[in-house]
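Structure assessment
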Amino acid sequence: MNCPVCSGRAIGKVGVEQFYCWDCCVEFTTQTDKVVIYDLAEDGSLVAWDDPALEDITLQGSEVELSGIAIE
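Everything numeric here is computed off the predicted structure, so don't read it as measured data.

About the thresholds
- Just so you know, the residues in each chain are numbered from 1, in the order the chain's sequence is written.
- Per-residue local features are limited, in this predicted model, to residues with pLDDT of at least 70; the limit for side-chain atom pairs, both in listing and counting, is 80 or more; totals at the level of whole chains, interfaces and linings are taken over all residues.
- Side-chain metrics in this entry use all non-hydrogen atoms of the structure; hydrogen atoms and water are not considered.
- For the purposes of this entry, the term helix denotes a DSSP run of H or I that reaches at least four residues, the term strand denotes a run of E that reaches at least two, and both are numbered from the N terminus.
- Burial classes follow relative accessibility: with a 1.4 Å probe on protein chains only, a residue under 20% of its type's maximum area counts as buried, one over 50% as exposed, and anything between as partly exposed.
- Two residues form a contact once any of their heavy atoms are found within 4.5 Å.
- Computed with the Shrake-Rupley method and a 1.4 Å probe, the accessible areas treat only the protein chains shown as cover for residues.
- The criterion is simple. A nonpolar core is a set of buried Ala, Val, Leu, Ile, Met, Phe, Trp, Tyr and Cys residues joined through side-chain atoms within 4.5 Å.
- Polar contact is the term for a pair of N or O atoms within 3.5 Å; when the atoms are in protein, one must be able to donate a hydrogen and the other to accept it, and sequence-neighboring residues count only if both atoms are side-chain atoms.

Moving on, we come to the overall build of the protein. When helices and strands are tallied, the protein shows zero helices and seven strands. Classification of the 72 residues of the protein by burial places 31% in the buried group. Long-range pairs, those at least 24 residues apart, make up 22% of the contacts in the protein with a sequence separation of at least 6. Total accessible area on the protein is roughly 4,700 Å²; 48% of this is exposed by carbon and sulfur atoms.

With that out of the way, let us pick up the nonpolar core. Cys3, Val5, Phe19, Cys21, Val26, Phe28, Val35 and Ile37 together form the largest nonpolar core, which totals eight residues. Residues in contact with Cys3, not counting those within four places in the same chain, are Gly8, Ile11, Cys21, Cys24, Val26 and Phe28.

Moving on: unusual backbone geometry. One non-glycine residue with positive phi stands out, namely Glu17, at about 55°. Along the chain, the position of Glu17 falls in the loop between strand S1 (11-15) and strand S2 (18-21).

This brings us to the environment of Glu27. As for its position among the elements, Glu27 is in strand S3 (residues 26-30). You can call Glu27 buried: its relative accessible area is 7%. Along the backbone, Glu27 and Val14 are 13 residues apart, and their C-alpha atoms lie at a distance of 8.5 Å. A distance of 2.4 Å separates a polar atom in the side chain of Glu27 from a polar atom in the side chain of Gln18.

Structure representation (structure tokens):
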């Protein structure tokens, strides 16, 4: 599995369908047809990315694909 943000492979499993990327320090959850990406706040809570373009993220097999999103 690759990170949906940086495409890195340093992914750790945090919980059921919940993962952490050690390269870009984001947490994400996978569902059957979408991925939700979270930033970690200073107090350890999760803050969901609030970008409408992220609704186009889809899962295909075990790989995550970004559809038309340029992340710098």
